[in-house]
Amino acid sequence: NIGIIYEDQLDYPMALEYYTRSYNMKLEIDDKEGLANSLNNLGVVSLQMGNFELAIDYHFQSLKIEQELGNEKGVAMSLNNLGGAYKKFRMYDQAIAYYLESLEIQLELDDKFGLASTYYGLGNIYEIKEDYDQAIIFNEKALALGREIGAHLWISNASKSLYHCYKAKGNSALALQMYEEYNGAQEIIESEANQKEIIRQEYKYEYELKANQDSIRSAEETRVQQAELSVEQARSESRKQQSYFLF
């Protein structure tokens, strides 16, 4: 959870440190499911830090464990994240192949968070390739699921992509509609982020006033982390989607 907080703050080195600690703890107790999750998180952060080969390796390790455990949802997530990694590095054919593998499993499981992510990933690739008809098909599916499950991030991503697609096709009315929906989703996302930052800063300020002794500093750091974690828990449903790549 602390790694997630640092990742949200874009402090990837610290996120990597805590995800590595988590991985080592899971390794020590032979927690296979926990190992797969930690490897997934390490892959996400490694890619954000520009280490493509390491990210791919982590996701393949996660995929192997999920397959051994028979965890189909975890398999789909690892395949999706491999698609996201290859997409980020413009290896679009490989990305599409992994996304389609993930999609097949997600459809069987009716995994709506995963489906929204995969549909958007495919739609985004086709937008980049200027195949706007295919991009619209996939992004409309992502948008519909985002609305259904209240996932503002996917509403934002899909509507933004659809705005560009409809604009490129000369459909100004639909482009405007998508632009407005994108702005609405972004306002909600920014409001949630601001709420979290306000709470974090309140506790940080209180900590700084009292941080004259190491024991007090340690206690206040714990309170800061607890405050951040409480906000994370309040947003737990929307946070599920962030196990997937957001590119």
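Keep in mind it's a predicted model, so treat the numbers as computed, not measured.

### Here's the deal with helix H5 (residues 72–88)
With 17 residues, H5 ought to run about 24 Å at 1.5 Å a step, and its terminal C-alpha atoms sit 24 Å apart, in line with that. H5 sits mainly inside the fold: 14 of its 17 residues count as buried.

### Side note on the side chain of Ser38
Its place among the elements puts Ser38 in helix H3 (residues 32–48). Among the polar contacts listed, one links the side chain of Ser38 to the side chain of Ser22, at a separation of 3.1 Å. Once you skip the residues sitting within four places of it in the chain, Ser38 turns out to touch Tyr19, Ser22, Tyr23 and Lys26.

### Section: the pattern of salt bridges
When the charged atoms of two side chains with opposite charge come close together, those side chains can pair. The full count for this structure, using the stated rule, is 5 salt bridges. Across the salt bridge formed by Arg21 and Glu17, the nearest N and O atoms sit 2.6 Å from each other. One end of the pair, Arg21, and the other, Glu17, are both in helix H2 (residues 12–28), 4 residues apart, so they sit about a helical turn from each other. Residue Glu17 is classed as partly exposed on the basis of its relative accessible area of 34%. Asp30 serves as the salt-bridge partner of Lys32, at 3.6 Å between the closest nitrogen and oxygen.

### Side note on helix H4 (residues 52–69)
Between its first and last C-alpha atoms H4 spans 26 Å; for 18 residues at 1.5 Å apiece the expected length is 26 Å, and the two agree. Residues of H4 that are buried include every one of Phe52, Ala55, Ile56, Tyr58, His59, Ser62, Leu63, Ile65 and Glu66, and no others. Buried positions along H4 lie against H3 and H5. In this structure Asn51 caps H4, since a side-chain oxygen of it lies 3.2 Å from the backbone nitrogen of Leu54. Residue Gly70 follows H4 closely and has a positive phi angle near 75 degrees.

### Focus: the confidence of the model for the protein
Reading predicted coordinates in detail is not appropriate for stretches of low pLDDT. Per-residue pLDDT for the protein has a mean of 83; in total, 77% of the residues score no lower than 70. Of the regions scoring below 50 in pLDDT, residues 203–217 engages in 14 contacts with residues more than four places distant in sequence or in other chains.

### Side note on a negative patch on the surface
Residues Glu72, Glu101, Glu104 and Glu108 make up a contiguous surface patch of negative charge. Tallying contributions element by element places helix H6 (residues 92–109) first for the negative patch, with 3 residues. Looking at the element boundaries, Glu101 is found in helix H6. Looking at Glu101, the relative accessible area reads 43%, which means it is partly exposed.

### A closer look at the packing of helix H8 (residues 132–149) against helix H9 (residues 152–168)
Two elements in contact, H8 and H9, have axes whose closest approach is 8 Å; the angle formed by their N-to-C orientations is 150 degrees. Classified by the interaxial angle, the pair formed by H8 and H9 is roughly antiparallel. The two elements H8 and H9 meet at a crossing, and its hand is left-handed. In this structure, H8 uses Tyr132, Ala135, Ile136, Asn139, Glu140, Ala142, Leu143, Gly146 and Arg147 to contact H9, whose residues at the interface are Trp154, Ile155, Ala158, Ser159, Ser161, Leu162, Cys165, Tyr166 and Ala168. Across the contact of H8 with H9, the residue classes break down as 12 nonpolar, 4 polar and 2 charged.

### With respect to the packing of aromatic side chains
This model, assessed by the stated rule, comprises 8 aromatic pairs. Here the aromatic rings of Phe60 and Tyr98 are separated by 6.2 Å at their centres, their planes lie at 70 degrees, and the arrangement is edge-to-face. Residue Phe60 is located in helix H4, and its partner Tyr98 is located in helix H6; the two are separated by 38 residues in the primary sequence. Taking the relative accessible area as the measure of exposure, Phe60 reaches 33% and is therefore partly exposed. Ring centres of Tyr120 and Trp154 lie 6.1 Å apart, and the angle between their planes is 45 degrees; this geometry places the pair in the tilted category. Of this pair, Tyr120 sits in helix H7 (residues 112–128) while Trp154 sits in helix H9; the two residues are 34 residues apart in sequence, bridging distant segments of the chain. Summarising the burial analysis for this pair, Tyr120 and Trp154 share the class buried.

### Considering unusual backbone geometry
The phi angle at Asp110 is positive, at roughly 55 degrees, despite the residue not being glycine. Tracing the backbone through its elements, the reader meets Asp110 in the loop between H6 and H7. Classification of Asp110 by relative accessible area gives partly exposed; the value is 49%.

About the criteria used
- Residues numbered from 1 in each chain as written.
- Predicted model: local features only at pLDDT ≥ 70, side-chain atom pairs only at ≥ 80, totals over all residues.
- Heavy atoms only, no water.
- Helix = DSSP H or I, 4+ residues; strand = E, 2+ residues; numbered from the N terminus.
- Expected span 1.5 Å × (residues − 1).
- Buried < 20%, exposed > 50% of the residue type's maximum accessible area, 1.4 Å probe, protein only.
- Polar contact = N/O pair within 3.5 Å; in protein donor to acceptor, adjacent residues only side chain to side chain.
- Contact = heavy atoms within 4.5 Å.
- Salt bridge = Lys/Arg side-chain N within 4 Å of Asp/Glu carboxyl O.
- pLDDT = per-residue confidence, 0-100.
- Patch = residues over 30% accessible without salt bridge, like charges linked within 9 Å, V, L, I, M, F, W, Y side chains within 5 Å.
- Areas by Shrake-Rupley, 256 points an atom, 1.4 Å probe, with all protein chains shown as cover.
- Lys, Arg positive; Asp, Glu negative; His and termini not counted.
- Charge placed at Lys NZ, Arg CZ, Asp CG, Glu CD.
- Axes fitted to C-alpha atoms, helices over the stretch in contact; angles between N-to-C directions.
- Parallel < 35°, antiparallel > 145°, perpendicular 65-115°, else oblique.
- Left-handed = near helix turned anticlockwise from the far one by under 90°.
- Nonpolar A, V, L, I, M, F, W, Y, C, P; charged D, E, K, R; others polar.
- Phe/Tyr/Trp six-rings, centres within 6.5 Å; stacked < 30°, edge-to-face > 60°.

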